[in-house]
Amino acid sequence: MQKKTLGSKPFVYPMPASIVGADVDKKPNFMTIAYCGVVNNGPAMVAIGSNPKHHTMNGIKENNTFSVNIPSEELVEKTDFVGTYSGKNIDKSEVFEVFYGKLKTAPLIKECPINMECKVVKMMDLGGSDTIVIGEVVESYCAKEHMTNGQPDITKFKPLLYTTGDKKYWGIGKFCGDAWNIGNNYKIKKD
Ligand SMILES: Cc1cc2nc3c(=O)[nH]c(=O)nc-3n(C[C@H](O)[C@H](O)[C@H](O)COP(=O)(O)O)c2cc1C
């Protein structure tokens, strides 16, 4: 495999095309966030990397709460819309049907199959373009029809993915094996 250098790029592929929500001045606002990931298992924590100038960030700072919503493939247009236009200029509060959970100030999106409501644990500025917001997941939600054996089933809700280099949205691919299991088929080579 011949390699070509591409510079300092965050190619942790694929990225979720997540939608982060916050109440700004008591009104729900949403932005698309590809820089989103799991950072702690117990308690569950997720982190987002966001430009501090985004309107949604004002709401996160205001309430110390936010939501992370995972859209399915069919929400591609709305996902792109809330990632293209700022709540500073247009009202995005009616793009999605909203519900609230335990935190009361983290707007959750009804049509997204997975939702997490988070309280801010830490905000960090690393001196670059983005602020890291770490949130503890206080509650998570999944539509019943999108679960198998009590767990979210990505073949049922088809999460929307994103690749940052070519700026494209994708669906999921094929099933490749059971985790903590299929690795047992591998045999270490002996001399
Ligand atoms: C596919 C996609 C991914 C994005 N990912 C991020 C991201 O990870 N971090 C970020 O700060 N902005 C990201 N954005 C940009 C914001 O979603 C966008 O600037 C949005 O309009 C901000 O909305 P707001 O000002 O209403 O909060 C992304 C946009 C798109 C379309």
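Above this note sits the structure.
Scope of this entry: the structure provided in the associated data block. (Residues numbered from 1 in each chain as written. Predicted model: local features only at pLDDT ≥ 70, side-chain atom pairs only at ≥ 80, totals over all residues. Heavy atoms only, no water.)

With respect to the overall build of the protein chain
So, point 1. What the protein chain contains, in helices and strands, is three helices and 14 strands.
So, point 2. For the protein chain, the C-alpha radius of gyration of 18 Å lies close to 16 Å, the compact-globule estimate for 191 residues.
So, point 3. Projected onto the principal axes, the alpha-carbon positions of the protein chain cover approximately 65 × 45 × 30 Å.
So, point 4. Buried positions account for 37% of the 191 residues belonging to the protein chain.
So, point 5. Of the contacts formed within the protein chain by residues at least 6 apart in sequence, a portion of 60% connects residues at least 24 apart. (Helix = DSSP H or I, 4+ residues; strand = E, 2+ residues; numbered from the N terminus. Rg over C-alpha atoms; globule rule 2.2 N^0.38 Å. Buried < 20%, exposed > 50% of the residue type's maximum accessible area, 1.4 Å probe, protein only. Contact = heavy atoms within 4.5 Å.)

Here we look at the layout of surface pockets
So, point 1. For the largest pocket, the calculated volume is near 570 Å³.
So, point 2. Taken together, 29 residues line the largest pocket, and the ones lying closest to its centre are Thr32, Ile33, Ala34, His54 and Gly83.
So, point 3. Within the residue set of the lining of the largest pocket, elements represented by two or more residues are β3 (27-33), β5 (45-50), α1 (55-63) and α2 (76-84).
So, point 4. Grouping the amino acids of the lining of the largest pocket by side-chain chemistry returns 10 nonpolar, 14 polar and five charged.
So, point 5. Space inside the second largest pocket adds up to approximately 220 Å³.
So, point 6. As for the second largest pocket, its lining consists of Pro152 and Ile154. (1 Å grid on protein atoms, 1.4 Å probe; cavity = no way out; pocket = protein on both sides within 12 Å on 5 of 7 lines; lining within 4 Å. Points joined across faces, edges and corners; volume = space filled by probe spheres on them. Nonpolar A, V, L, I, M, F, W, Y, C, P; charged D, E, K, R; others polar.)

Treat this as a map of the structure, not an account of what it does.
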